[in-house]
Amino acid sequence: MLIFHIVLAPSHNNPGLIANTDLPGVGEQTLRDAQYETEAVLEQYVYHDNVAPFLCTRITQRLGNSNPSPRYVASCVEAFRTGSYSSGSVSFGDGKYGSLEAMAAAITLDEEATDPSLTVDPTHGSIREPILKVLSLMRSMEYKTDIPDVPDSPAMSKDFQVRLWQMDQKIGQSPHEFPTIFSFFLADYVPDSGPALPAGLVSPEAKLATMPNTLQLLSGMWSLIKYGLSDCDNGFSTDPGLSPECRDNGRFEGSYGKLFYQPDGATSVERATDLALLLTAGRLNDNNLATIMDACASQPDEASEVRCMQQLIVATPEFHSTNTVTQSSKDRFSQAATGDSPEPYKAIVYLYLSGGVDSFNLLAPHTCAPIDVYDRYRNIRGDVGLDREDLLEIPANNPAQPCSSFGIHKDFKILKDLYDNVNFIANAGLLFRPADTNNYEDEPTIQLFAHNTMEAETNRDDIENVYIGTGVGGRIADTLTQSGVPTNTFSIYGEQEFLSPGVAGEPSPYTLHHRGLSDFNDEWDEMIKKLNNATTSDSGFFAETYSSKVTGAVIKHKTLKNVFDASTATEFPDNKWAAQLKMVSQLMQSAPARGVKRDIFFVRQGGYDTHKNVAPRLAENFSIMNAALEAFVEELKALQLWESAVILQFSEFGRTLSPNTGDGTGHGWGGNHFMLGGSIKGGKVLGQYPSDFEEGEDNPIALSRGRMVPTTPWDAMWKGAAEWFG
C-alpha cells in the first residue's frame, strides 16, 4: 500500500514523500500522521487570506468584467467568507465560509454587474473568449445537425454530435486543451495596443487576439455561416466527405449541420436589427448597421442577404466585446514601417527557454583552483550532476571566474563549436539592485520563484513599473522607430508582453504561429477595416482593443502572405521549435521587401520545468534546440545575415542545485545564460560564476537548496545588445 506523506519544512519545496506501509517500521502511526498532515495542508489552502479575493476576481473576469473595482471585489470577498449575501429582501448562502452560492450572488447581483449605465462606461466590460464567440454564434443562430442524404456517399448518423476540430490550434482555445497550467491567458495581461494599454487596464482575453487566431476565428465563423459545419475555407470541423467542393448556395450539402435561424422582419432593416440583437445584444451602432445593410443589399435573395449580414455582424467589435462603440469620422491609422534610413539591417532573436531552465547543467564548472568548485557542484547536485566526461570543455578566458574552464552540456554542442561567437553570462537573473541573502526579500514588487510573475518581469524588465504594460523588446523597437529607424517586431509563439510597445505605441507586434500563415479570404478586407474604424475617446476600450487587433491582423497578413512561401537553402528539423527559427530566417530575408532596418523576434521552447527526471529531459530538449540552432545558423550564413543577428537566451529563473526526490530540481533564481551571433566577440564566461552553492553564514548568495541570488542583472545582458542594435 502506498501512502502520501506531506513534508512540512520551510526550506524544502518538494512534493510529499511516497512511503510503502508494508516496509518494516511503517504502519498505523505513519498512516495517521499522513492523514493529519494532509488535512492541515488542505485547511491552510482553503482558509488562506488570498483564496477569497483570488476567486472573486477571477470569476468576475470570466463573467465579463475584466477590471472589477476594489469595492466590488471586497463585497464578493465578504460574501464568500461569511457565506451570506443579500439583495433586497432575498438572502443567498448557508452562512458558512466558502459559500459559492453567496459568492455567485455577490458577483451577478451587484450594481457593477446590473447597472444599465455601465454600458456607456468605456472602461467596463471585456473582450469575449474565442470559444464563447463560436458557441454564441451557434446557439443564437440555432445550429443543428443536419446531414443530407447524398447518393453514393457513406451513410452517417443523423444524431451526429457537434464536431469542432482542433479549435485550440485554430482560435487558440478549446475545452480541456489549455496550453499551460495557467490556462489560456493570464488574468493580469495588459494588451499591447488600444486604450487599455496607457490606462493600465487588464484584458486577459486579448492575449489570444493574435493575428493567426483572430483571422482563423473569422474564417471559421464565415465558413459556418456559408457552408455549414465543415472544413471549407478553414472551417471549424473536418470534411464529412459528402460533397467534392464547397458551394455557397444555401444548400449546405457538404456539412455536418447548419445555422437554422431565420430573422424576424419583412424588410432588410428589420432582419438586420433582429440579427444584431441576438449577436451583439443590441449593441451594434447605427453606422455599422447601415454599413452592413448597404454591403448586403445587392444579394440575389433573402437567404443570401441573411448570410451576408451574419458574416459582417460577427466581424464587428460589438460582437467580439461587451462594449458599445462610438465611431469617429476618421480612418484608423495604420503604421507604415518603411523608411529611407541608411542603417544596415540587424536582428535580435530572443530565445526563451520556458519553465525555468536548469542552467547549472547547461554550464557547469570543469577545472577550478584553488577551490575545487566542480567537487562542490557534484556534492550538492547528487545524481543530477554531470560527470566531466559529459561536459564539453571551454576556457573561461576571464580571470575573475573561480574556474579556468567550464563545461557545456554535451547535447548543446553548437555552443562549443561557435564559442568564438558565444558569451555565457553566469548567475544572471532579475534584479532591482545588488542583492544578497540578507536583503533579497526587499526586492520591490517581485514575487520570486513563481513562473507567471518571474516570466512577466523578465519580459518587461521594468521592476519599478515606469512603463506599465510594455516589454523590453517593445521599448527598444519603439525608441528606434521614433528615431527614424524602421523596425518590426515578431512573436512566433503567441501574444508576448516582451514585444508590447513603449509610450508611442509603435511598432505594433506581428504575432505568428510556428505553422505559418493560414489562408485568409480577403473578400471582406476593406469591410472589416470599415466596421472596425477609428473610434472616439469615450468608446468602449475593449471593443477598441479588438478593432485595433483585427485591422492590424488584416494588414499584416497581406504584408506577409508571400514570405513563408519562399524556400530555404537549409533543411530544418521537423519540429515546432525548428519551425519557429525557420520562420525567423524567412522573415529576416524579407526585410528589404518590408522596408525595415531592424527586426526583433520572440521564439520559445518549453519543457524546462523539470521537477523530475531533469537529466533525460534536458538531454532531449538541448538536443532538439541544438539541431534547430545549427540549421538556423547555417541558413543565416547562406543568406549572409549571420553577422547581422544576435541570439539572446533567457528563462524566468534558474533552478535549485539540490535535487528533488524524483531526480528533478525546484524553482530557483539566478542561472547561466548565453548570447551568440556573428558580431559577438565571444569566447568568454562573463558575470560571476558561484564558487560555493551551499547555504551558510559565509555564503552571501546561496539560499536554501542551492538557490542562487543573481549577481548579474538582466539589464547587463541587454545593455551591450541594445547598444549594438541601436
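Quick caveat, the model's predicted, so the values are computed rather than measured. (Residues numbered from 1 in each chain as written. Predicted model: local features only at pLDDT ≥ 70, side-chain atom pairs only at ≥ 80, totals over all residues. Heavy atoms only, no water.)

(A) A look at the confidence of the model for the protein. Here the protein averages 90 in pLDDT, while 92% of its residues score no lower than 70. In this model residues 1-21 is a low-confidence stretch, pLDDT under 50, and it forms 45 contacts with partners more than four residues away in sequence or in other chains. (pLDDT = per-residue confidence, 0-100. Contact = heavy atoms within 4.5 Å.)

(B) Molecular detail of a nonpolar patch on the surface. Nonpolar side chains collect at one region of the surface, where Leu42, Tyr45, Val46 and Tyr47 lie side by side and expose about 440 Å² of accessible area between them. Following the sequence through the fold, Val46 ends up in helix α1 (residues 28-46). For Val46, a relative accessible area of 42% puts it in the partly exposed group. (Patch = residues over 30% accessible without salt bridge, like charges linked within 9 Å, V, L, I, M, F, W, Y side chains within 5 Å. Areas by Shrake-Rupley, 256 points an atom, 1.4 Å probe, with all protein chains shown as cover. Salt bridge = Lys/Arg side-chain N within 4 Å of Asp/Glu carboxyl O. Helix = DSSP H or I, 4+ residues; strand = E, 2+ residues; numbered from the N terminus. Buried < 20%, exposed > 50% of the residue type's maximum accessible area, 1.4 Å probe, protein only.)

(C) Broad picture of the pattern of salt bridges. All told, the structure shown has 26 salt bridges when counted by the stated rule. We note a salt bridge from Arg62 to Glu205, for which the minimum N-O separation is 2.3 Å. Of the two residues, Arg62 is situated in helix α2 (residues 51-62) and Glu205 in the loop between α8 (196-199) and α9 (211-227); the sequence distance between them amounts to 143 residues. For Glu205, a relative accessible area of 3% translates into the label buried. One network of salt bridges, with partners in common, ties together Glu245, Arg247, Arg251 and Glu253.

(D) Expanded view of unusual backbone geometry. Put simply, Ala369 and Pro370 share a cis peptide bond, and its omega is 5°. With respect to the helices and strands, Pro370 occurs in the loop between β8 (363-368) and α14 (373-381). Positive phi, normally seen in glycine, also occurs at Phe252, with a value near 55°. Residue placement: Phe252 occurs in the loop between α9 and β6 (257-259). Positioned with a positive phi, Asn613 is a non-glycine residue whose angle comes to about 50°. If you trace the backbone, Asn613 turns up in the loop between β14 (598-605) and α22 (614-638). The class of Asn613 is partly exposed, set by a relative accessible area of 37%.

(E) Inspection of the side chain of Ser174 at higher detail. Looking at where Ser174 falls in the secondary structure, it is placed in the loop between α7 (167-171) and α8. Contacts of Ser174, omitting those with residues within four sequence positions, involve Met167, Asp168 and Phe184.

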